Structures are given as structure tokens and as C-alpha cells.
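# Structure assessment
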Amino acid sequence: MSVMSVLEEPIKNIEQKLKEVTRRYTALKKENLRLQAEMQRLNDIVAQKEEELQRLQHQTDVLKSGIQNWQPEQRKLFVKRIDTYLKEIDKCIALLNE
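Here is a short report on the structure shown in this document. (Residues numbered from 1 in each chain as written. Predicted model: local features only at pLDDT ≥ 70, side-chain atom pairs only at ≥ 80, totals over all residues. Heavy atoms only, no water.)

## Here we look at the environment of Glu15
How we decide: By definition, any uninterrupted DSSP run of H or I lasting at least four residues is a helix, any uninterrupted run of E lasting at least two residues is a strand, and each is numbered from the N terminus. Relative accessibility decides the category of a residue: with a 1.4 Å probe and only protein chains considered, values under 20% of the type maximum give buried, values over 50% give exposed, and everything between is partly exposed.
Following the sequence through the fold, Glu15 ends up in helix α1 (residues 3-66). Residue classification places Glu15 among the partly exposed residues on the basis of a relative accessible area of 45%. Considering only alpha carbons, one finds Glu15 and Ile89, 74 residues apart in sequence, at a separation of 54 Å.

Rendered as C-alpha cells:
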């Protein structure tokens, strides 16, 4: 029995394991790129929603200052509607941050 025939089986096992590791590495690298792209997309959405929230909060402040002369019932309905919008935006941001 030659040294080569004794080493042949372990070398084949090492080659198979190396191929498997390479295959897994390639798959994980591809998944990592996909997840990075998804994370960037979600970060863009979060930034957009935060910007929208700031704009809406500013509009709310402006409108609240303008509703001082409204009837109490009108004012209450308006504030309730704005609060509902803000809660929905906060929910969206919370979902995106999970």
C-alpha cells in the first residue's frame, strides 16, 4: 500500500468539506447582500416616515395655533383626527424598527 493510497481518502474528505464550506460561504455572502439591501430600503422608509412625521407635527402646531377661534367641538374633532394620524405614523415607524 502506497502513501498516496493511504492519503487519498482523507484528501477527498477534505476536498468535500472545503467545497461545502465554499458553497455555504457563497450562500451566506449572497444572503448578507440581500439583507443589507433590505436594511437600506427599510432605513430609507424610516427616514422618509420620520421626515413626514416632523412635517405633520409642524403642520399640527400651525393648525393648533389657528384653531383657537374654533368651536370646542370642532377643535376636539380636529385634534382627535391629527392624533390618529400621528399614532398611525408612530406604529409604522415602530414596525419598521423591529
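## Some thoughts on the pattern of salt bridges
Put simply, the rule reads: The salt bridge definition used is simple: a Lys or Arg side-chain nitrogen within 4 Å of an Asp or Glu carboxyl oxygen.
Tallying each qualifying case throughout the model produces seven salt bridges. Where Glu20 meets Arg23, a salt bridge forms, and the shortest distance between an N and an O atom there is 2.6 Å. Placement of the pair is Glu20 and Arg23 together in helix α1, with a separation of three residues, close to one helical turn. Assessed through its relative accessible area of 49%, Arg23 is described here as partly exposed. Glu31 is the salt-bridge partner of Arg34, the closest N and O atoms lying 2.7 Å from each other. Taken as a pair, Arg34 and Glu31 lie in helix α1 at a separation of three residues, close to a single helical turn. The partly exposed category is assigned to Arg34, whose relative accessible area is 46%.

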